[in-house]
Structure formats: structure tokens, C-alpha cells
Amino acid sequence: LNRRLDGHGTTIFAEMSALAVATGAINLGQGFPDTDGPEEIREAAVRALREGRGNQYPPGPGVPELRVAIADHQRRFYGLEFDPDREVLVTAGATEAIAAALLALLEPGDEVIAFEPFYDSYAACIAMAGAVRVPLTLRAPDFRPDLDALRDAVTPRTRLLLLNSPHNPTGMVLTRDELTAIAELAVERDLLVVTDEVYEHLVYDGEHIPLISLPGMRERTVSISSSGKTFSFTGWKVGWVTGGAELVTAVRTAKQYLTFVSSGPFQYAIAEALRLPDGFFGGFRDQLRGKRDLLTAGLADAGLGVHRPQGTYFVTADIAPLGEKDGIAFCRQLPERCGVVAVPNAVFYDDPDAGRSQVRFAFCKREEVLREAVTRLRGR
Ligand code: PMP
Ligand code: GLN
């Protein structure tokens, strides 16, 4: 393994899911739903396979049906116009979009400011690009970004802001005021922005505002999203990028040499998913809000300090009130102690002390599973 990937061994999600399988514990670690997305969308994938749509290399930027559906989705939900031919790119999940964007846009030695705790692929991809990550730490209890600290973190070497809202793992959702301040800073200091908005439809308090909708951002922003979270098909790995043509072309250039194209038949199915009525999106969100409330109440009842998330399908909880200090040790023991798997937030920080007693639980699970997990944690 080269030095760039030093410290990026096995991802925490793979480690914790393997632990869940080995111990038979309830897996509230890795974020994936335990109920698949809509039957009609699964059928659409089967139909595409049978009818031979996408079984051979599809077009590099994505099949036209999906690119048009993505552009229509951006118009329907946000009033944003994108040219499906030049300003939309289909990727192998948001994960490839993040990698392709960072590899396409960064020079070695460039500084990238990113919220800490980071989603784990950010640090690894910044490292693979030979760039330098500069963390902006989100602090408990409410994990709001310190905008003065952000301004101070910008140096002449800063090339890019890497944002994530709704934010994994804290559930923080940026407000319009915060987004406006960030956009103004990006314009003033001429920064590019890569914004990971995969949880765009999972906001329970407040609203999701795409950063690219703010003045001056269109030419400097790469927006990333994914069908995995919105439609509960995390295994299909259909994601996308939207943005100004110049930046999307740059990301597409890198994508060509990562995966060349993304897998075909699922693209047709996701094109149909993006056209589901508004009721689907709202209904799914309301269902998850109920699960958030169930798990946050249960964790509080079990004695943990709960940081109520405004979005995503994760809740960050503090184990200090249990008399525990170290989330990593706690998560390694938890399956044996009570048959539940969670993820320690410390692994998402450069400064492990900042998140040492924080632990992340996923609530994208059936209610009876969440209830059982809470019962087990109470008896821990
Ligand atoms: N970004 C964030 C913030 C995530 O939580 C995830 C995990 N799903 C991804 C990106 C990756 O998305 P995908 O599965 O579409 O690659
Ligand atoms: N995004 C999901 C999470 O944060 C899982 C992604 C993964 O396993 N890489 O848990």
C-alpha cells in the first residue's frame, strides 16, 4: 500500500458489518436500509434487463433517460435548470462522484477544507489526489459550523471546500444563513465547492437547500447525490453530479478512467424512480422521521446523551453519561455485551479526542428492529 493510503486500511463500515455478521448482532452501524425500495422500481430494473436495455456499455455520462430525469428532478424540487447533456453526469454511486471530483479538480498540495467528522471516503480521496485536508471541526452539542473559523482556515493554498449537508454522521443540516455565508466566502476567495447532498430528501427539521442554488455558485460548485439513500437501493450504486458544464466535464474526464461507465439496467430503473410522485418522497421522509424519534427516545431512555439529528438516517449519541469514555472500545464490545453494532465517530476525526465519546447509530431499519435494539441497549 502506498503512503497516500497509510491509515486508510479497512473502512469502519466493512469492519463493523463483519462484526455484526460474526456475532449475529443487530447492525445499526453501516447505513443501509433493511427494507428494499419500491417494488415497481425493482420491476423496472428487471424489465430493463429482460429488454436488453443497458446490458452492454451504456453511454459514459449516463443513459439519456436518466440524465433527463435528474435534470427534471432538480427543476421539480429546487427550480434549478441543468442541461442533461452537459451539466449532468451519472456515477457509480456518490462514492465515485466524490473520487472523480477530487481527482479531477485538485493539484497535489492543494488544501481542501472539510467538515470534521468526515465521511470516510473524503479523507482517503483527498489523500489519493495528493492534496491536504484541513478540518473544520463540528462540535457537540449541535454541530453547527464555526463560520469565523472557516474564514480563518482559508489560505492562498485553499482550492476547494468539501461540504456535506445533511451531514453524516451528525445529522446537522446547513441553514440558509450558513449556506449564504459559505457561498459568499467561496466567491470572495475564488474557491471551488464539492457538496455531498446524498441525504437531500431526508430532512426532518428545516429544509434542504442546494448550495448551488445560491448566487455565484453555479460555476464553482459540483453537487453530488445518489439514488441509494433516496430510494433504498444502496446496492445499485447509481449516483450523479450536477453543476456548470466546465466542472461536470472535468469530473467526467476523471470518471472515464475510474469506471468508464456506470452499470446500465439500474440507470433505467432510477430514471423511473426519480419520476415517482411527491408523495413518495414525503412519505419516505415521514416514515424515517418516525424512526428517528423512536431511536432518539430509546437511546435517551437507555441513558445515552442524544444529539437529535435534523436530517440523514443517523443519530450521534454520547456515551459519557454511561460512564464510558472511548467510543472505539465501546463499539468493539457492544455486540458481545448486548448484541448491537454501532460506529464510533472518533474514526471520522483527525483529532480523535474531538469525537472520542460519540457513537453513531443508523435508524433506517424496521421499527421492531429499532425497538429490540433499544431494549438490548437498556439491558446492557
Ligand atoms: N456520502 C455520504 C455522506 C454518505 O453517507 C454515503 C454513504 N451512502 C455516500 C456518500 C456514498 O454514497 P453511494 O452509496 O451512493 O456511493
Ligand atoms: N454511507 C453509509 C454509512 O455512512 C455506508 C457507506 C459505506 O459502507 N461505505 O454508513
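Residues numbered from 1 in each chain as written. Chains lettered and ligands numbered in written order. Predicted model: local features only at pLDDT ≥ 70, side-chain atom pairs only at ≥ 80, totals over all residues.

Selection criterion: UniProt positions are given in the numbering used here, feature names are shortened, and annotations may be inferred rather than shown by experiment.
The name an unreviewed UniProt entry gives the protein is Pyridoxal phosphate-dependent aminotransferase, with Streptantibioticus parmotrematis as the organism. Under the UniProt heading Cofactor (unreviewed entry), the note attached to the protein is "pyridoxal 5'-phosphate".

## Observations regarding the site of ligand 1
Our working definition: The criterion for a residue being near a molecule or strand is simple: its C-beta atom, placed using the backbone, must lie within 6 Å of it. A run of DSSP states H or I qualifies as a helix once it reaches four residues; a run of E qualifies as a strand once it reaches two. Both are numbered from the N-terminal end. Following the grouping adopted for this structure description, the nonpolar residues are Ala, Val, Leu, Ile, Met, Phe, Trp, Tyr, Cys and Pro, the charged ones are Asp, Glu, Lys and Arg, and the polar ones are all others, Gly among them.
Taken together, 14 residues sit near ligand 1, with Gly93, Ala94, Thr95, Asn168 and Ser226 positioned nearest. Of all the elements, helix H4 (residues 93-105) adds the most residues to the shell around ligand 1, at three residues. Split into classes, the residues belonging to the shell around ligand 1 amount to three nonpolar, nine polar and two charged.

## With respect to the domain arrangement of the protein
Often the size quoted for an interface is simply the accessible area lost on bringing the parts together. The criterion, for reference: As annotated, the domain borders come from an automatic or database domain assignment. The contact rule is simple: place each C-beta atom from the backbone, and if two of them lie within 7 Å, those residues are in contact.
Taken domain by domain, the protein holds domain 1 (3-30 + 279-378) and domain 2 (39-276). A straight line from the C-alpha centre of domain 1 to that of domain 2 covers 24 Å. Taken together, the contact pairs 31 residues of domain 1 with 29 residues of domain 2. Of all the secondary-structure elements, those providing two or more residues to the side of domain 1 that touches domain 2 are helix H11 (278-301), strand S10 (314-318) and strand S13 (358-362). Ranked by the residues each element gives to the side of domain 1 that touches domain 2, the list is headed by H11, at seven residues. Grouping the constituent residues of the side of domain 1 that touches domain 2 by class yields 13 nonpolar, 10 polar and eight charged.

## What to know about the site of ligand 2
Residues in contact with ligand 2, as listed here, are Thr11, Phe13, Gln30, Gly31 and Asn168. Its residues assigned to classes, the shell around ligand 2 comprises one nonpolar, four polar and no charged.

## Quick look at the pairing of strand S2 (residues 88-92)
Our working rule: Here the C-beta atoms are placed from the backbone, and a residue counts as buried if at least 20 other C-beta atoms lie within 10 Å of its own, exposed if 12 or fewer do, and partly exposed otherwise. By this definition, two strands are paired if DSSP reports at least two bridges between them.
In terms of residue burial, S2 counts as a mostly covered element, since five of its five residues are buried. For S2 and strand S8 (residues 238-243), the ladder comprises five bridges, and the chain directions are antiparallel. Counterpart to Leu89 in the pairing with S8 is Val241.

## Looking at the nonpolar core
Put simply, the rule reads: To define a nonpolar core, we join buried Ala, Val, Leu, Ile, Met, Phe, Trp, Tyr and Cys residues through C-beta atoms within 7 Å and take the resulting set.
Ranked by size, the top nonpolar core spans 113 residues in total, and within it Ala101, Leu102, Leu299 and Phe361 carry the most contacts. Broken down by element, the residue count for this core peaks at 10 residues, all from H4. When we break this core down by domain, the ones giving at least three residues each are domain 1 (3-30 + 279-378) and domain 2 (39-276). Beyond its immediate chain neighbours, meaning those up to four positions away, Ala101 contacts Val194, Val222, Ile224, Val241 and Val251.

## A short note on the packing of helix H3 (residues 64-78) against helix H10 (residues 264-273)
The relative placement of two packed helices comes down to the angle between their axes together with the axis-to-axis distance. Heads up, the rule is: Axis definition: a line fitted to C-alpha atoms, limited for helices to the stretch in contact. Angles are taken between N-to-C directions and run from 0 to 180 degrees. In these notes the angle categories are as follows: under 35 degrees is roughly parallel, over 145 is roughly antiparallel, 65 to 115 is roughly perpendicular, and the rest is oblique. In this scheme, a crossing is called left-handed if the near helix is turned counterclockwise away from the far one by less than a right angle; it is called right-handed if the turn is clockwise.
Two elements in contact, H3 and H10, have axes whose closest approach is 8 Å; the angle formed by their N-to-C orientations is 30°. By the angle class used here, H3 and H10 are roughly parallel. Crossing of H3 over H10 shows left-handed handedness. Between H3 and H10, the contacting residues are Glu65, Leu66 and Ala69 on the first element and Gln267, Tyr268, Ile270 and Ala271 on the second. Of the residues that constitute the contact of H3 with H10, the class distribution is five nonpolar, one polar and one charged.

## Some points on unusual backbone geometry
Here the bond from Glu116 into Pro117 is cis, since omega is 0°, no more than 30 degrees from zero. The step from Ser165 to Pro166 runs through a cis peptide bond, and the omega angle for that step is -10°. Mapping Pro166 onto the fold places it in the loop between strand S5 (158-164) and helix H7 (176-188). The phi dihedral of Ser232 falls on the positive side, at around 60°, and the residue is not glycine. As for its placement among the helices and strands, Ser232 is situated in the loop between helix H8 (227-231) and S8.

## Re the sheet that holds strand S12 (residues 343-344)
Each strand in a sheet pairs with its neighbour through backbone hydrogen bonds, running either in the same direction (parallel) or in the opposite one (antiparallel). Sheet architecture is open: four strands sit in the order S9-S10-S13-S12, paired in antiparallel fashion. Of all strands in the sheet, those bounded by a partner on one side alone are strand S9 (305-307) and S12. As paired strands, S9 and S10 are joined by three bridges and run antiparallel to one another. Across the sheet, His307 pairs through a bridge with Thr316, a residue of S10. Against the sheet, H11 engages S9, S10 and S13, with an angle of about 10° to S10.

## Let's talk about H3
Put simply, the rule is: Given the number of residues in a helix, its expected span is that number minus one, multiplied by 1.5 Å.
Between its first and last C-alpha atoms H3 spans 21 Å; for 15 residues at 1.5 Å apiece the expected length is 21 Å, and the two agree. Among the residues of H3, Leu66, Arg67, Ala69, Ile70, Ala71, His73 and Gln74 are the ones counted as buried. Among the residues trailing H3, Gly79 stands out with phi positive, at a value near 65°.

## Overview of H4
In this model, H4 (13 residues) spans 19 Å end to end at C-alpha, consistent with the 18 Å of a helix rising 1.5 Å per residue. Judged by how many residues are buried, H4 sits mostly within the fold: 12 of 13 residues are covered. Turning to H4, its buried residues are Gly93, Ala94, Glu96, Ala97, Ile98, Ala99, Ala100, Ala101, Leu102, Leu103, Ala104 and Leu105.

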